[in-house]
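Listed here are the chains, written in short residue letters.
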Amino acid sequence: MRMQWKAALVLMLGAPGLALAQTPTRPSKPAAPKAASSGNTAVSSPASEDPSGTGPADLKTEDQKTIYALGVSLGQSVTALALSPDEVKLLIGGLQDAVAGRQPAVDPKEYTPKIQALAKARMAQVNVATLDRASKEPGATRLPSGVIYRELKAGTGKSPRATDTVKVHYQGTLVDGSEFDSSYKRGLAVEFPLNGVIPCWTQGVQKMKVGGKAKLTCPASTAYGEHPPTGSRIPPNAVLTFDVELVDVPGNTAATP
């Protein structure tokens with residue numbers, strides 16, 4: 001098979017600013033049962049059924065499953081672009097032309113910078129939409145920094161100060177809803193100085209009381225901005241959402257009652 005498909009994948013998956021880093025390393029939902037090792041057991045699911053008739057209704061061989069998984073990975077890698085149905089058709093058309101070895105309608109190398117610019121602009125649009133949506137949730141409050149705080153469960157204990165150490169459980173998600181970190185999955189609450197973390201946390205957790213839970217929606221400027229942690233799935237300039245449970249404010253009896 002000719003290898004033009006690889007160039008297309010590199011252009012879309014390797015372009016800085018795309019959501020490749022957002023592809024889940026672990027599924028956020030329970031994985032489907034594994035097929036028998038013989039590879040002859042069909043796997044059918046709503047995700048693999050295409051009512052238009054253009055996609056596989058079931059996946060029988062390991063090669064079919066692998067190629068389908070490649071398609072899923074490609075789709076996940078461009079979620080930050082928020083493509084419309086018509087734009088998805090254009091994406092599929094470009095992939096089909098590359099696989100078939102047809103002359104592309106445009107020069108992919110020439111458009112690499114434009115792909116990057118489009119990804120950046122679309123991600124900014126998604127960020128704005130995410131913050132706007134979070135601000136309209138019942139009980140949500142937008143802080144002066146742009147952080148959106150929403151109490152999920154009222155606490156009855158102390159409220160921390162910025163200089164306090166806090167003990168929390170949390171789950172962090174990206175704008176596409178995929179999870180990038182969770183203390184719950186590790187089974188261990190974490191402790192840290194509240195003034196030693198991202199501003200979104202410093203500001204938001206101070207509004208909580210021990211035993212309470214809250215949702216923090218963090219603009220990029222109050223999270224990691226252009227420089228997310230090395231090795232994380234967080235892309236640059238990402239809006240992040242955290243569900244936080246304040247477990248304790250250890251060692252400080254002077255915290256706000």
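In the block above lies the structure referred to throughout.
Throughout what follows, the structure given in this document is the object of discussion. (Residues numbered from 1 in each chain as written. Predicted model: local features only at pLDDT ≥ 70, side-chain atom pairs only at ≥ 80, totals over all residues. Heavy atoms only, no water.)

With that settled, the discussion passes to the state of the cysteines. Under the counting rule described, the total for this entry stands at 1 disulfide. The disulfide partner of C200 is C218, and the gap between their sulfur atoms is 2.1 Å. Of note, the bridge from C200 to C218 carries an S-S torsion of about -70° and is left-handed in sense. Here C200, found in helix α6 (residues 199-205), pairs with C218, found in strand β6 (residues 213-218); they are 18 residues apart in sequence, far enough to count as distant. (Disulfide = S-S within 2.5 Å. Helix = DSSP H or I, 4+ residues; strand = E, 2+ residues; numbered from the N terminus.)

For the coordinates displayed, the defined rule picks out 9 salt bridges. In this structure, the salt-bridge partner of R102 is D97, at a minimum N-O distance of 2.8 Å. With relative accessibility at 46%, the residue R102 sits in the partly exposed group. The partly exposed category is assigned to D97, whose relative accessible area is 24%. The salt bridge partner of E137 is K215, with a shortest N-O separation of 2.8 Å. Of this pair, E137 sits in the loop between α4 (108-135) and β1 (140-142) while K215 sits in strand β6, and the two are 78 residues apart along the sequence. Relative accessible area serves as the criterion here: at 16%, K215 is assigned to the buried category. Members of the salt-bridge network, linked through shared partners, are E137, R150 and K215. (Salt bridge = Lys/Arg side-chain N within 4 Å of Asp/Glu carboxyl O. Buried < 20%, exposed > 50% of the residue type's maximum accessible area, 1.4 Å probe, protein only.)

Another aspect to go through is unusual backbone geometry. Phi angles above zero are rare outside glycine, and N237 is one such case at about 60°. Structurally, the position occupied by N237 is in the loop between β6 and β7 (240-248). N237 gets classed as partly exposed once you look at its relative accessible area, which sits at 26%.

The geometry of an aromatic ring pair is captured by the separation of the ring centres together with the interplanar angle, meaning the angle of the planes. Under the definition given, this model contains 5 aromatic pairs. Aromatic pair Y170 and W201: ring centres 5.4 Å apart, planes at 90°, arrangement edge-to-face. Within this pair, whereas Y170 is found in strand β3 (residues 165-173), its partner W201 is found in helix α6, the two being separated by 31 residues in sequence. W201 sits in the buried class, given a relative accessible area of 5%. (Phe/Tyr/Trp six-rings, centres within 6.5 Å; stacked < 30°, edge-to-face > 60°.)

With that settled, consider the pairing of β6. Extensive coverage of β6 is indicated by the burial of 5 of its 6 residues. Bridge count for strand β2 (residues 148-153) against β6 is 5 bridges, and the pairing is antiparallel. Note that in β6 the partner of Y149 across the bridge is L216. Inspection of the sheet shows β6 paired to β7 by 6 bridges, in the antiparallel sense. Residue pairing in the sheet places K213 in a bridge with E245 of β7. (Pairing = 2+ DSSP bridges.)

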